[in-house]
Amino acid sequence: DAGVIQSPRHEVTEMGQEVTLRCKPISGHNSLFWYRQTMMRGLELLIYFNNNVPIDDSGMPEDRFSAKMPNASFSTLKIQPSEPRDSAVYFCASSSWTDYNEKLFFGSGTQLSVL
Amino acid sequence: SQQGEEDPQALSIQEGENATMNCSYKTSINNLQWYRQNSGRGLVHLILIRSNEREKHSGRLRVTLDTSKKSSSLLITASRAADTASYFCATDRNNNNDMRFGAGTRLTVKP
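Thresholds applied
Residues numbered from 1 in each chain as written. Chains lettered and ligands numbered in written order. Predicted model: local features only at pLDDT ≥ 70, side-chain atom pairs only at ≥ 80, totals over all residues. Heavy atoms only, no water. Core = buried A, V, L, I, M, F, W, Y, C linked by side-chain atoms within 4.5 Å. Buried < 20%, exposed > 50% of the residue type's maximum accessible area, 1.4 Å probe, protein only. Helix = DSSP H or I, 4+ residues; strand = E, 2+ residues; numbered from the N terminus. Contact = heavy atoms within 4.5 Å. Pairing = 2+ DSSP bridges. Phe/Tyr/Trp six-rings, centres within 6.5 Å; stacked < 30°, edge-to-face > 60°.

1. So, the nonpolar core
And step 1. Formed by 21 residues in total, the largest nonpolar core has its most connected members in A:W34, A:L77 and A:Y90.
And step 2. Elements that contribute at least two residues to this core include exactly β3 (19-24), β4 (31-38), β5 (42-50), β7 (65-71), β8 (74-79), β9 (88-95) and β11 (110-114) of chain A.
And step 3. Apart from residues lying up to four places away in sequence, A:L77 is in contact with A:V19, A:T20, A:L21, A:W34, A:L46, A:M60, A:S66, A:A67 and A:Y90.
And step 4. If you look at the next biggest cluster of nonpolar residues, it comprises 20 residues, including B:I13, B:M21, B:L32 and B:I49.

Printed below as a string of structure tokens:
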């Protein structure tokens, strides 16, 4: 398996533009997590899905952020409109979950810069 | 919100020395996991300890868990320059699989 695949690796955009980040989890995993990492706030959990269903989106900063998981092999995180304070590294991770999480596998991340 | 808090925030040691990092958390958990992150890369899983376990070993890593104190420690023995990285603990709350991370410990191992 190629691991968790995120795209793009780098995204530079201007304030007000829509940004879409993509994630392909490891085949067979049933949990998917989106995290944001900054120096100031560390690694924040934005939202996670179990079996393609969003379970907790309380970490999503505001309505400008939305996430979907239309099927078991694909998820998107969208920011519309983007703002400079959204600049961060966004990570997707997947795991196998029954009564508890097994280890998380992380993608390489998307470095987002909003100018 | 973050679940775990690591200390120290930064640790600098000489190659060959042992490194100990601590993690405290707030709620009851199913398990606690430690991850490593090299600069600019994704996190890599190191070791998982379940809430009914007290100690676990993996190579040069030793993890302890004290659920009464809601704390864990990660010991890296005989450190190497290649161990230089940030180390994070993560927990999922009881009956919930939201994996939340602490702020991390930045470890520097000098050759």
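2. Looking at the pairing of strand β4 (residues 29-37) of chain B
All names here are of chain B.
And step 1. Most of β4 is tucked away, with 9 of its 9 residues classed as buried.
And step 2. With 8 bridges joining them, β4 and strand β9 (residues 85-93) adopt antiparallel strand pairing. Within the sheet, the bridge partner assigned to R36 lies in β9 and is Y87.
And step 3. With 7 bridges joining them, β4 and strand β5 (residues 43-50) adopt antiparallel strand pairing. Note on β5: the bridge partner recorded for W34 is I47.
And step 4. If you look at the hairpin formed by β4 and β5, you'll find 5 residues sitting between the two strands, and G40 has a positive phi there, around 80°.

3. Section: unusual backbone geometry
Residue and element names in this part refer to chain A.
And step 1. The linkage connecting S7 with the following residue, P8, adopts the cis geometry, with an omega of -10°.
And step 2. Here N51, not a glycine, exhibits a phi torsion of approximately 50°, which is positive.
And step 3. Tracing the sequence through the fold places N51 in the loop between β5 and β6 (53-56).
And step 4. We note that N52 has phi near 75°; this positive angle belongs to a residue other than glycine.
And step 5. Positionally, N52 belongs in the loop between β5 and β6.

4. Some remarks on the packing of aromatic side chains
And step 1. Applying the stated criterion to the full structure yields 8 aromatic pairs over all chains.
And step 2. Centroid distance A:F106 to B:F101: 5.8 Å. Interplanar angle 75°. Geometry classified as edge-to-face. Of this pair, A:F106 sits in strand β10 (residues 105-106) while B:F101 sits in strand β10 (residues 99-101), placing the two residues on different chains. Each member of the pair A:F106 and B:F101 is classed as buried.
And step 3. These aromatic residues form a ring-pair network of at least three members: A:F33, A:Y35, A:Y48, A:F91, A:F106, B:Y35 and B:F101.

It is worth stressing that arrangement in space is one thing and function is another; only the former is reported here.
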